[in-house]
Amino acid sequence: MMRILVLISGSGSNLQVILDHCASGKIAGQVVGVISNKADAYGLIRAKEAGVATSILAQQQFASREEYDTALQALMADYQPDLVVLAGFMRILSGDLVRHFAGKMINIHPSLLPKYQGLHTHQRAIDAGDSEHGASVHFVTEELDGGPVILQARVPIFEGDTADEVAARVQAQEHSIYPLVVRWFCEGRLQMVDGAVQLDGTLLGPAGYACE
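Here the structure is a predicted model, which is why all the values come from computation and not from measurement. (Residues numbered from 1 in each chain as written. Predicted model: local features only at pLDDT ≥ 70, side-chain atom pairs only at ≥ 80, totals over all residues. Heavy atoms only, no water.)

A. Representation of the packing of aromatic side chains. Per the stated rule, a full pass over the model turns up 2 aromatic pairs. Summarising the aromatic geometry, the rings of Phe-62 and Tyr-68 are spaced 5.6 Å apart at their centres and angled 90° between planes, so their arrangement reads as edge-to-face. When the centroid spacing of 5.4 Å and the interplanar angle of 70° are considered together, the rings of Trp-184 and Tyr-209 count as edge-to-face. Remark: Tyr-209 occurs in the segment after strand 10 (202-203) and Trp-184 occurs in helix 6 (residues 163-186); sequence separation between them is 25 residues. Residue classification places Trp-184 among the buried positions, given a relative accessible area of 5%. The partly exposed category is assigned to Tyr-209, whose relative accessible area is 46%. (Phe/Tyr/Trp six-rings, centres within 6.5 Å; stacked < 30°, edge-to-face > 60°. Helix = DSSP H or I, 4+ residues; strand = E, 2+ residues; numbered from the N terminus. Buried < 20%, exposed > 50% of the residue type's maximum accessible area, 1.4 Å probe, protein only.)

Quick look at the structure:
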């Protein structure tokens, strides 16, 4: 059974969905640990209620980003993960750490990548007059929100929508596509090969599985 490590900074709603899918057997894996850089992250409570080990590693404990990432990498390695899931982990990871877990680390980003890398994606999509928005699950590489896309989900943007309304629509889709990608990985169907995504032995296009 695959060992899954989840990194969070906040409420952990995607963490909860993954925990539920593991508990029901939909994912052939086990969440063996949850690491947060915020001591008050509600996701830590979710993990403890599920009987999952937790760790807190706050930036304030370290003099530099480099020292923090060195400690984080060591802590992550202690859990011996087969897969690292970033679920709202609000830190930019160092190149050394990302390379160490290359092909074993995934992230979900609230936009249709490559659009709107970084923050405030919902408002940016509204301001640009986009008629649709969405979420992307991708492998993590050294480029911020720039790793190869595995799967995307699209939602409409309606006239008069607020960023919060769009965010809620996107989050509902996140809760569908993120556990699906985790399941694919745990079943051995998903790989990153030469900087591209391979699913069931087939290389996927730039938009991932939802390329149509």
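B. Spatial organisation of the pattern of salt bridges. In the structure shown here, the tally under the stated rule is 9 salt bridges. With a closest N to O distance of 2.8 Å, Arg-99 and Glu-142 form a salt bridge. Here the residue Arg-99 occupies a position in helix 4 (residues 95-100), and Glu-142 occupies one in the loop between strand 6 (132-139) and strand 7 (149-156), the gap between them amounting to 43 residues. By relative accessible area, Arg-99 is classed as partly exposed at 45%. Residue class for Glu-142 comes out exposed when judged on its relative accessible area of 52%. Note that Glu-132 is salt-bridged to Arg-154, the shortest N-O span being 2.6 Å. On the criterion of sequence distance, the pair formed by Glu-132 in strand 6 and Arg-154 in strand 7 is long-range, its members being 22 residues apart. For Glu-132, a relative accessible area of 34% gives the class partly exposed. (Salt bridge = Lys/Arg side-chain N within 4 Å of Asp/Glu carboxyl O.)

C. Local environment of unusual backbone geometry. Between Leu-113 and the following residue, Pro-114, the backbone shows a cis peptide bond with an omega angle of 10°. By secondary structure assignment, the location of Pro-114 is in the loop between strand 5 (105-109) and helix 5 (121-127). Positive phi, close to 55°, is recorded for Asp-145, a residue that is not glycine. Positive phi values are uncommon outside glycine, yet Asp-200 reaches one of about 55°. Within the secondary structure, Asp-200 is located in the loop between strand 9 (196-199) and strand 10.

D. Broad picture of the sheet that holds strand 4 (residues 83-86). Reading across the sheet, the 7 strands line up as 3-2-1-4-5-6-7 and stay open at both edges, with mixed pairing between neighbours. Looking along the sheet, the strands with just one partner apiece sit at the ends: strand 3 (54-56) and strand 7. Going from strand to strand, the sheet's axes swing by 20° on average, the running direction of each strand aside. In the sheet, strand 2 (residues 29-36) pairs with strand 3 via 3 bridges, with the strands oriented parallel. Residue pairing across strands places Ser-36 opposite Ile-56, the latter belonging to strand 3. This element, helix 1 (residues 13-24), spans strand 1 (2-8), strand 2, strand 4 and strand 5 of the sheet and lies at about 155° to strand 2. (Pairing = 2+ DSSP bridges. Axes fitted to C-alpha atoms, helices over the stretch in contact; angles between N-to-C directions. Contact = heavy atoms within 4.5 Å.)

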